[in-house]
Amino acid sequence: MKNWLSTLKTLIWKDLLQEWRSKDMLTAMLAFAILSIFIFNYAMELDPRQRAELAPGILWVVITFSGTLGLNRSFVAEQEQGSFDALVMAVPGLGSIWLAKQISNFLMMLVLIVIVLPIYSLLYNQNLFVPGLILTLILGAWSFSAAGTLLASMTAQTRMRDLLLPVLLFPILMPVNMAVVKAGTGIMSGAALASYQVWLTILLVYGIIMTTISLMVFDYVILE
Amino acid sequence: MQIKLQGISKAYGRLSVLKNCDLALESGQLLCLLGSNGAGKTTLLRVVSGLLSAEQGKLLVDGAEWSLKSPEWRRKCALVAHKTFLYQNLSGLENLRFFSRLYQHDLTEKELRDRLAEAGLARAGDKQVRAYSRGMQQRLTIARALLSDPDVLILDEPFTGLDKDGSAMLVRVLAELKGRGGMVLMTSHDPQAALAVTDGFVRLSRGVLDEVVWTRGRTWSEIEPNLYPQSTLEGQAA
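Read on for an overview of the structure. (Residues numbered from 1 in each chain as written. Chains lettered and ligands numbered in written order. Predicted model: local features only at pLDDT ≥ 70, side-chain atom pairs only at ≥ 80, totals over all residues.)

## Some points on the overall build of chain A
And then number 1: Secondary structure summary: chain A contains 10 helices and 0 strands in total.
And then number 2: Helices (α) and strands (β) of chain A occur, in sequence order from the N terminus, as α-α-α-α-α-α-α-α-α-α.
And then number 3: Counting only C-alpha atoms, chain A reaches 55 × 35 × 30 Å along its principal axes.
And then number 4: Considering chain A as a whole, with its 224 residues, one finds that 45% of them fall into the buried category. (Helix = DSSP H or I, 4+ residues; strand = E, 2+ residues; numbered from the N terminus. Buried ≥ 20, exposed ≤ 12 C-beta atoms within 10 Å, placed from the backbone.)

Shown next, in the form of C-alpha cells:
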C-alpha cells in the first residue's frame, strides 16, 4: 500500500510539473471558458431571478466543454514519445496510472472552477461563492474527470480523438449534467435541501461507481 | 536464468505477423534479431516485453510458465524502442528520478547524476529533454532503461542516432549487463555493428523465426552465408 501511494504521488507530481511547464491543458481550458462566459453575458439579457436560476447551467456548460478540451490534451505527453509504454512496464498496478491522471485532471478542473467563478460573478453581478454550489461543482468535476480520464485513455490512441472523446463522453455524463444543474438551480434559488438532495446523492454515487469501474477495467483497456 | 518463448503467434486482423515463433535466451546471452522492414521484429519485441498480447504462445522462465502480460514479467524487462519514452518538458535528471521512483529504487541525486555521467550527459542533466539532440535522447533512453537493473533488456534499433562515442558506450553497457547475467534481445539493421557484442543472430522473415546462428568468435563474412544462404548462392551464381 505504501509503495502504491508512493507511485501515485510520483505520477501526480510528474503530471503537475509537466503541466506547469507546458501549460498545454490550462491554456486551452481557460481561453475557452473565459470566452464562453463573455459570449453568454452579451447574448442573454437576464433579470436577477433568471440569472440565479440559469447560473449553474451556464457555468456547467462552460466547465464541461472547457474540461473536454483539457482531457483531450491530458495524454499528449504520454503519446508524444510513447512514454505510456514505459509507465506500463514500470508500474505494478496499472490502476495507479489511471488514478494519478484522474486526480491531475480533477485538480485542473478545480483550478478552472477557481478562476471561472469570480469572473462569472463579476460579469453577471451575482455571488456564486455559495458553499452548496461549490460542493456541487466539486462533485461534478470529480465525476467528469473520472469518466473523462478513462475515455481519454482509450481515445488518445486513435487519430480521431478530438472528435471521438466528446461523442463518447457526453452521453455517459448525462446523469452528472442533470444532477449538477438541478442541484445547482435548487441551491441558487434558495429551495429546501430536501428538494435537491437526491441530485447530490446521484452525483456522489456516480463518482464512486465511475471511479471503481475505471480502476477495475483500466488494465484491460490498456493491454487489450 | 533461462527464458523460452514457445509458439508465439500474433495477427493484426487477418494479417499474421508472427507465426509460431520459438526463442530461447540464457543468462549472459545477447541475441540480435535481423529482418527486413515489416518482418515483425518490433511486434515480437513488444510481445516479449508484455506490451502487446499474443494470440498464442507461452513464456517459460527456468521451466515454469509465466504470463507475458503479468506485471512481474514486465518489471523484469526494460525496453528501448523507436520512441524515447521520455518526458520532453522534464530535464534529464527529472526523467531518471521519476522512473527510478516508479521502480521503487529511489536513487539518490548523486547516483542519478552518476548514471547521467555514464551516459555522457553530465552537463546536460538539468536541461529539459526537448533541448536534447536525437543522440542525446537515445543516450538518456538507454540510461532510463537500465535504471531498473533489468533481467531482460530489449532494444529496438538501439544504435539509431548514436555517434561513435554513444555506440561505444552502448557496447560497453551491453557487455557489462551480460557480465552480470542479464539477457539482451535486440534488433539491428546493421549486423556488423552488433557483431561486437552479440552471441548469435536470428532472422525473422515474414513472421517466421529461423534457427539461431551463433557467432562463436567468427567474422561477419563467415557468419553471413549461414544467415542468408539463398542470397549468397545467388550472389555466387551472378
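Here the narrative resumes, following the displayed structure.
## Concerning the packing of helix 5 (residues 134–146) of chain B against helix 6 (residues 164–179) of chain B
Residue and element names in this part refer to chain B.
And then number 1: Orientation of helix 5 relative to helix 6, taken along the N-to-C sense of each, is 10°, at an axis distance of 11 Å. Considering the angle they form, helix 5 stands roughly parallel to helix 6. Across the interface between the two elements, Gly135, Gln138, Arg139, Ile142 and Leu146 of helix 5 pack against Gly166, Met169, Leu170 and Val173 of helix 6.
And then number 2: Counted by class, the contact of helix 5 with helix 6 contains 5 nonpolar, 3 polar and 1 charged residues. (Axes fitted to C-alpha atoms, helices over the stretch in contact; angles between N-to-C directions. Parallel < 35°, antiparallel > 145°, perpendicular 65-115°, else oblique. Contact = placed C-beta atoms within 7 Å. Nonpolar A, V, L, I, M, F, W, Y, C, P; charged D, E, K, R; others polar.)

## A look at helix 1 (residues 41–48) of chain B
Residues and elements named next belong to chain B.
And then number 1: Most of helix 1 is tucked away, with 6 of its 8 residues classed as buried.
And then number 2: When we look at burial in helix 1, the residues that qualify are Lys41, Thr43, Leu44, Leu45, Val47 and Val48.
And then number 3: Lining the buried residues of helix 1 we find strand 1 (2–12), strand 2 (15–26), strand 3 (30–34), strand 7 (152–156), strand 8 (183–187) and strand 9 (200–205).
And then number 4: Note on helix 1: the residue one or two positions beyond its end, glycine 50, has a positive phi of about 85°.

## Looking at the nonpolar core
And then number 1: Within the largest apolar cluster, 130 residues are counted, with the highest numbers of intra-cluster contacts made by Leu203(A), Leu33(B), Ile154(B), Val184(B) and Leu185(B).
And then number 2: Leu185(B) has contacts with Leu25(B), Leu31(B), Leu33(B), Leu45(B), Val48(B), Val152(B) and Ile154(B), leaving out every residue within four places of it along the chain. (Core = buried A, V, L, I, M, F, W, Y, C linked by C-beta atoms within 7 Å.)

## Focus: unusual backbone geometry
All names here are of chain B.
And then number 1: In the Ramachandran plot, aspartate 149 falls in the positive-phi region, its phi being about 45° despite a non-glycine side chain.
And then number 2: Relative to the elements of secondary structure, aspartate 149 occurs in the loop between helix 5 and strand 7.
And then number 3: Despite not being glycine, arginine 206 shows a phi value in the positive range, around 50°.
And then number 4: Of note, arginine 206 is situated in the loop between strand 9 and strand 10 (208–209).

## Quick word on the interface of chain A and chain B
And then number 1: Chain A puts 22 residues into the contact, and the matching count from chain B is 24 residues.
And then number 2: Put simply, the parts of the chain that give the side of chain A that touches chain B at least two residues each are helix 1 (2–22), helix 4 (76–80) and helix 5 (83–90) of chain A.
And then number 3: A per-element tally of the side of chain A that touches chain B places helix 1 of chain A first, with 8 residues.
And then number 4: Its residues placed into classes, the side of chain A that touches chain B shows 9 nonpolar, 8 polar and 5 charged.

## Some thoughts on helix 3 (residues 92–102) of chain B
And then number 1: Counting buried positions along helix 3 of chain B yields 10 of 11 residues, so the element is predominantly enclosed.
And then number 2: Inspection of helix 3 of chain B places Gly92(B), Glu94(B), Asn95(B), Leu96(B), Arg97(B), Phe98(B), Phe99(B), Ser100(B), Arg101(B) and Leu102(B) among the buried residues, and these make up the whole buried set.
And then number 3: Where helix 3 of chain B is buried, its residues touch helix 1 and helix 5 of chain A together with helix 4 (109–118) and helix 5 of chain B.
And then number 4: Two residues or fewer after helix 3 of chain B comes Gln104(B), characterised by a positive phi angle close to 55°.

## Examining the sheet that holds strand 5 (residues 64–66) of chain B
Residue and element names in this part refer to chain B.
And then number 1: Ordered by their spatial adjacency, 4 strands build an open sheet running 2-1-4-5, and the pairing between neighbours is antiparallel. The open sheet has two edge strands with one neighbour each: strand 2 and strand 5. Along the sheet, successive strands turn relative to each other by an average axial angle of 25°, direction set aside.
And then number 2: Relative to strand 5, strand 4 (residues 56–61) is paired through 3 bridges, and the arrangement is antiparallel. From the neighbouring strand, valine 61 faces strand 5, where its bridge partner is alanine 64.
And then number 3: Against the sheet, helix 1 makes contact with strand 1 and strand 2, and its axis sits at roughly 60° relative to strand 2, the strand it touches most. (Pairing = 2+ DSSP bridges.)

## Remarks on the pairing of strand 1 of chain B
Residues and elements named next belong to chain B.
And then number 1: Taken together, the 8 bridges between strand 1 and strand 2 define a ladder with antiparallel strand orientation. The residue of strand 2 that forms the bridge with alanine 11 is serine 16.
And then number 2: Between strand 1 and strand 2, which follow one another and run antiparallel, lie 2 residues, and glycine 13 among them has a positive phi close to 65°.
And then number 3: As judged from the 5 bridges shared by strand 1 and strand 4, these two strands associate in the antiparallel manner. Counted as the bridge partner of lysine 4 is leucine 60 from strand 4.

## Some details on the packing of helix 9 (residues 174–188) of chain A against helix 10 (residues 193–223) of chain A
Packed helix pairs are characterised by how far apart their axes lie and by the angle those axes make with each other.
All names here are of chain A.
And then number 1: Where helix 9 meets helix 10, the axes come as close as 8 Å, and the angle between the chain directions of the two elements is 145°. In this structure, helix 9 meets helix 10 at a crossing whose hand is left-handed. Contact with helix 9, carried on its side by Pro175, Val176, Ala179, Val180, Lys182, Ala183, Gly186 and Ile187, involves Ser195, Tyr196, Trp199, Leu200, Ile202, Leu203 and Tyr206 of helix 10 and no other residues of that element.
And then number 2: Residues belonging to the contact of helix 9 with helix 10 are distributed by class as follows: 12 nonpolar, 2 polar and 1 charged. (Left-handed = near helix turned anticlockwise from the far one by under 90°.)

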